[in-house]
Number of protein chains: 2
Amino acid sequence: MKVKEIMDKEFIAVNPEMDIVEASIRMESHKKFTTPVLDDKRRLVGWITSLDVTRGLRENHKHVKDIMHSKDDIVHVHEDNPARYAVLAASQHKVVSIPVLDSENKVVGVIRTFDIVKTLSSLYEIKVSNIFEAMVRELKGVTWDELMEASAIVTKRETGKRVTAKDYEQRIKNSTFGEAIWATGGLEKFFVGLIAIGELVIARKVAKARK
Amino acid sequence: MKVKEIMDKEFIAVNPEMDIVEASIRMESHKKFTTPVLDDKRRLVGWITSLDVTRGLRENHKHVKDIMHSKDDIVHVHEDNPARYAVLAASQHKVVSIPVLDSENKVVGVIRTFDIVKTLSSLYEIKVSNIFEAMVRELKGVTWDELMEASAIVTKRETGKRVTAKDYEQRIKNSTFGEAIWATGGLEKFFVGLIAIGELVIARKVAKARK
């Protein structure tokens, strides 16, 4: 996934000569805490936040250029960068938005942290049963019921709690990957559980074939 | 993971009678776009953003209570809620921060989207080799070299490209879970690849045991 796939293309912008009051109204009406400052060719020359605007209004500055951060102080990404560059940048620099440039350094979008959260959380919200369905498709000769049976046995072994294959099926149909990794204590542990189930189901398949 | 584990406890706050200019200075000096409005008992009564402040300054309002959003209009979470409630709320309501309440409705923290991004991305930044190390620990009797060998065979089968066990080992040491799921085309596909490797390595182990 690339930066351009998760960026907001409907961003607002201001120019350096714009009156601060006008910039303030534009940002309020679009509910944007930040906006890029662009020249006539839509190239990035600066960046302002609504906190620069409150200071500008209090201290009676006149123009956007009087309060803006210069281009060199701004974290930015390129539209063809992997999306994870934007994720790392937002996390490291603690910013709520990041301008996106094309190959000519024109601003073509803005990445916002809640869009990143949306993208990342869509991974978390995958149903755990999807992963088991993928397992059944991959493990030729293993049925869904056999997989649920093996899962119930592994769960009993690892948690000490008796659970039926039907209970297990219900549980994975109602839970998401996000819940599962938080419940099992992390990605590696979640995966180790899946491997244990895979191992058991394959061992049973081999045993059945030998008979 | 609970909300209280990812919330910012060092948040700032204002009260309804505070002068807007004073609130503005406090928000700027702490670089906060939003702040809860609290009563004398630290209970949530409202919420202001820096965009409310720019409007307040422009329109010559005097006090925080003149510009604040009322408690009923604010998305909030409880400290003992699962952290994913905050993730879903940020993503659905497109907010940059969410107040966190305790059982007495006192504000005890603020969730910020970049903290959510940090938490979510820490999952993505797990090295793929960690998952393979967990596999070796789980699959008793399978060595690391046998696992790399099986991985190289599955990669050749699925991509058509020849890769040695050493190449594969190098690749997983340098790549993260985030890169891997984007490279393979999603979480299910990534797991299916791992399961194919697990299946092969177990089949080889069983064959070896029979000899």
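Placed above this text is the structure.
Predicted model only: the values in this text are computed from it and were never measured.

Chemist: Please explain the sheet that holds strand S6 (residues 107-112) of chain B as it appears in this structure.
Modeler: Pairing between sheet strands relies on hydrogen bonds along the backbone, with the strands arranged either parallel or antiparallel. All names here are of chain B. Taken together, three strands build an open sheet; the order of strands is S4-S5-S6 and the sheet is mixed. The open sheet is flanked by strand S4 (77-78) and S6, the only strands paired with a single partner. Taken together, the two bridges between S4 and strand S5 (residues 97-101) define a ladder with parallel strand orientation. Within S5, the position partnered with Val-77 by the bridge is Val-100.

Chemist: Can you help me understand the packing of helix H2 (residues 20-29) of chain A against helix H3 (residues 50-58) of chain B in this one?
Modeler: Each pair of packed helices gets described by two things: the angle between the helix axes and the distance between those axes. Two elements in contact, H2(A) and H3(B), have axes separated by 10 Å at closest approach and are oriented at 135 degrees. It follows from the interaxial angle that H2(A) and H3(B) lie oblique. Crossing geometry of H2(A) relative to H3(B) is assigned as left-handed. Here H2(A) contributes Val21(A), Ser24(A), Ile25(A), Met27(A) and Glu28(A) to the contact with H3(B), which in turn contributes Leu51(B), Thr54(B), Arg55(B) and Arg58(B). A per-class count over the contact of H2(A) with H3(B) returns four nonpolar, two polar and three charged.

Chemist: What am I meant to see in the pattern of salt bridges here?
Modeler: If the charged atoms of two oppositely charged side chains come close together, the side chains can form a pair. Scanning the entire structure with this criterion turns up 28 salt bridges over all chains. Where Glu104(A) meets Lys106(A), a salt bridge forms, and the shortest distance between an N and an O atom there is 3.5 Å. Residue classification places Lys106(A) among the partly exposed residues on the basis of a relative accessible area of 31%. For Lys166(B), the salt bridge is made with Glu169(B), and the minimal N-O distance between the two is 3.0 Å. Remark: Glu169(B) and Lys166(B) occur in helix H9 (residues 165-174); sequence separation between them is three residues, near one turn of the helix. Residue classification places Glu169(B) among the buried positions, given a relative accessible area of 11%. Bridged by salt links that share partners, the residues Glu28(A), Arg55(B), Arg58(B) and Glu59(B) form one connected network.

Chemist: Mind showing me how you'd approach H3(B) here?
Modeler: Since there are 3.6 residues in each turn of an α-helix, residues three or four apart along the chain are aligned in direction. With seven of its nine residues buried, H3(B) lies for the most part within the structure. Of the positions making up H3(B), those classed as buried are Ser50(B), Leu51(B), Asp52(B), Val53(B), Thr54(B), Gly56(B) and Leu57(B).

Chemist: Teacher, can you tell me more about empty space enclosed by the protein here?
Modeler: A water-sized probe rolled over the atoms picks out the places where empty space is left. Applying the stated criterion across every chain yields a total of one cavity of 30 Å³ or more. Here the largest cavity is characterised by a volume of approximately 70 Å³. Of all the secondary structure elements, the ones that give two or more residues to the lining of the largest cavity are helix H11 (187-210) of chain A together with helix H11 (187-210) of chain B. Taken together, the residues of the lining of the largest cavity sort by class into eight nonpolar, two polar and two charged.

Chemist: Looking at this model, I keep getting lost on the relation of the copies chain A and chain B. Mind explaining?
Modeler: Mapping between the two copies of the chain is achieved by a rotation about an axis and a shift along the axis. Mapping chain A onto chain B calls for a rotation angle of 180 degrees and an axial translation of 0.0 Å; the resulting RMSD is 0.2 Å. Those values place the two copies in the arrangement expected of a two-fold rotation axis. When the interface residues of chain A are mapped onto chain B, 97% of them again fall at the interface, so both copies present the same face.

Chemist: Any chance you could explain the interface of chain A and chain B here in plain terms?
Modeler: When the parts come together, some accessible area is lost, and that loss is often what is quoted as the size of the interface. Counting residues at the interface gives 65 residues for chain A and 63 residues for chain B. For the pair chain A and chain B, the summed buried area comes to about 6,000 Å², and 74% of that belongs to carbon and sulfur atoms. Applying the counting criterion to the chain A and chain B interface returns six salt bridges. The closest approach of N and O atoms between Lys94(B) and Asp115(A), which form a salt bridge, is 3.7 Å. For the pair chain A and chain B, the interface holds twelve residue pairs in polar contact (both at pLDDT 80 or more). At the level of secondary structure, the elements contributing two or more residues to the side of chain A that touches chain B comprise H2, helix H3 (50-58), helix H5 (83-93), helix H6 (113-124), helix H7 (128-138), helix H10 (177-184) and H11 of chain A. With 13 residues, the top contributor of residues to the side of chain A that touches chain B is H11(A).

Scoring rules and cut-offs
Residues numbered from 1 in each chain as written. Chains lettered and ligands numbered in written order. Predicted model: local features only at pLDDT ≥ 70, side-chain atom pairs only at ≥ 80, totals over all residues. Heavy atoms only, no water. Pairing = 2+ DSSP bridges. Helix = DSSP H or I, 4+ residues; strand = E, 2+ residues; numbered from the N terminus. Axes fitted to C-alpha atoms, helices over the stretch in contact; angles between N-to-C directions. Parallel < 35°, antiparallel > 145°, perpendicular 65-115°, else oblique. Left-handed = near helix turned anticlockwise from the far one by under 90°. Contact = heavy atoms within 4.5 Å. Nonpolar A, V, L, I, M, F, W, Y, C, P; charged D, E, K, R; others polar. Salt bridge = Lys/Arg side-chain N within 4 Å of Asp/Glu carboxyl O. Buried < 20%, exposed > 50% of the residue type's maximum accessible area, 1.4 Å probe, protein only. 1 Å grid on protein atoms, 1.4 Å probe; cavity = no way out; pocket = protein on both sides within 12 Å on 5 of 7 lines; lining within 4 Å. Points joined across faces, edges and corners; volume = space filled by probe spheres on them. Least-squares fit on C-alpha atoms with pLDDT ≥ 70 in both. Buried area = accessible area lost by both parts, 1.4 Å probe. Polar contact = N/O pair within 3.5 Å; in protein donor to acceptor, adjacent residues only side chain to side chain.

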